[in-house]
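Here's the letter readout for the chains.
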Amino acid sequence: SESVNLADDFAFTGTVSGGGGVENISTFRMSTNFTMTTGAHITANWSKQGATLGTAISESSGTFSFPQTGFYRVEANFNLVRVQGDSDYVELNIKGTTDNSTYADLLSHWSHLGDVADQHTNIYGAIIFDVTNTTNDKIRLHYESQNASNVRLSGTDARDGTYIRFIRLGAT
């Protein structure tokens, strides 16, 4: 029986398909610390830092827009510190829209910070978002906090602490 020697060179005609690979990565870090209120969409202090490949995601007032259609892995992390007061529950939401208007929860993760001074925790979550229209399909990060001003999101440009990352996995 014949076999293929993979060390040989091969001449191809036509189109070679199926190679693929990651084409786009964009990371946005919260650049400064942010003390939470009871809940809101995070509109400020995003800085494009860290891993970047290909055409970048754009951000305006905490709304993230996509440069091309496709399936994107959207991952977010909240680096939290209990500042003061009683224990607190904190929720991370990744919200998305397909009509550039109405945002729905695509992910909701909760964590608890006990009644201990300077307690730290993280909330991480990831989704797959199918971008079929670059004008209308958008993402936002939102949080809920049980006790206003008890919790701070830790932010810095130097490393991934509180961040959101977009990785384009392939075509729709």
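This text goes with the structure placed above it.
So, how was this worked out
Residues numbered from 1 in each chain as written. Predicted model: local features only at pLDDT ≥ 70, side-chain atom pairs only at ≥ 80, totals over all residues. Heavy atoms only, no water. Phe/Tyr/Trp six-rings, centres within 6.5 Å; stacked < 30°, edge-to-face > 60°. Helix = DSSP H or I, 4+ residues; strand = E, 2+ residues; numbered from the N terminus. Buried < 20%, exposed > 50% of the residue type's maximum accessible area, 1.4 Å probe, protein only. Polar contact = N/O pair within 3.5 Å; in protein donor to acceptor, adjacent residues only side chain to side chain. Contact = heavy atoms within 4.5 Å. Salt bridge = Lys/Arg side-chain N within 4 Å of Asp/Glu carboxyl O. Patch = residues over 30% accessible without salt bridge, like charges linked within 9 Å, V, L, I, M, F, W, Y side chains within 5 Å. Areas by Shrake-Rupley, 256 points an atom, 1.4 Å probe, with all protein chains shown as cover.

Caption draft 1: Here's a closer look at the packing of aromatic side chains. Enumeration according to the criterion identifies eight aromatic pairs in this entry. Arranged with centres 5.1 Å apart and planes meeting at 65°, the rings of Phe28 and Phe64 form a pair that is edge-to-face. One end of the pair, Phe28, is in strand β1 (residues 24–30); the other, Phe64, is in strand β6 (residues 63–65), with 36 residues separating them in the sequence. In this pair, the class of Phe28 matches that of Phe64, namely buried. Measuring from ring centre to ring centre gives 5.8 Å for Trp46 and Phe64, while their planes differ by 75°; the resulting arrangement is edge-to-face. Placement of Trp46 in strand β4 (residues 46–53) and of Phe64 in strand β6 is noted, with a sequence separation of 18 residues between them. Taking relative accessible area as the criterion, Trp46 reaches 10% and is therefore assigned buried. Ring pairing ties together the aromatic residues Phe28, Trp46, Phe64, Phe66, Tyr72, Phe129 and Phe166, which thus form one cluster.

Caption draft 2: Molecular detail of the side chain of Arg168. Structurally, Arg168 can be placed in strand β13 (residues 163–170). At 2.7 Å, the side chain of Arg168 and the side chain of Glu23 are in polar contact. At a separation of 2.9 Å, a polar atom in the side chain of Arg168 contacts the main-chain carbonyl oxygen of Thr69. The residues contacting Arg168, other than those within four sequence positions of it, are Val22, Glu23, Asn24, Gln68, Thr69, Gly70, Phe71 and Tyr72.

Caption draft 3: Fine view of the environment of Gly125. Turning to its location among the elements, Gly125 is positioned in strand β10 (residues 120–131). On the basis of relative accessibility, which here comes to 1%, the residue Gly125 falls in the buried class. Between the C-alpha atoms of Gly125 and Ile94, which are 31 residues apart in sequence, the distance is 8.2 Å. Residues contacting Gly125, with those up to four places away along its chain left out, are Val74, Glu75, Ala76, Leu92, Ile94, Leu107 and His109.

Caption draft 4: Local environment of the pattern of salt bridges. Enumeration according to the criterion identifies six salt bridges in this entry. Ionic pairing is found between Asp105 and Lys95, a salt bridge with its closest N-O pair at 2.7 Å. You can see Asp105 sitting in strand β9 (residues 104–113) and its partner Lys95 sitting in strand β8 (residues 88–97), a full 10 residues away along the chain. With a relative accessible area of 19%, Lys95 lands in the buried category. The network of salt bridges with shared partners includes Arg29, Arg73, Glu75, Asp160 and Arg165.

Caption draft 5: Expanded view of a nonpolar patch on the surface. Together, Phe71, Ile128 and Leu169 make up an exposed nonpolar region whose accessible area comes to about 260 Å². Structurally, Leu169 can be placed in strand β13. A residue is classified by how much of its surface remains accessible, and Leu169, at 43% relative accessible area, is partly exposed.

Such coordinate-based values are descriptive only and should not be taken to indicate function.
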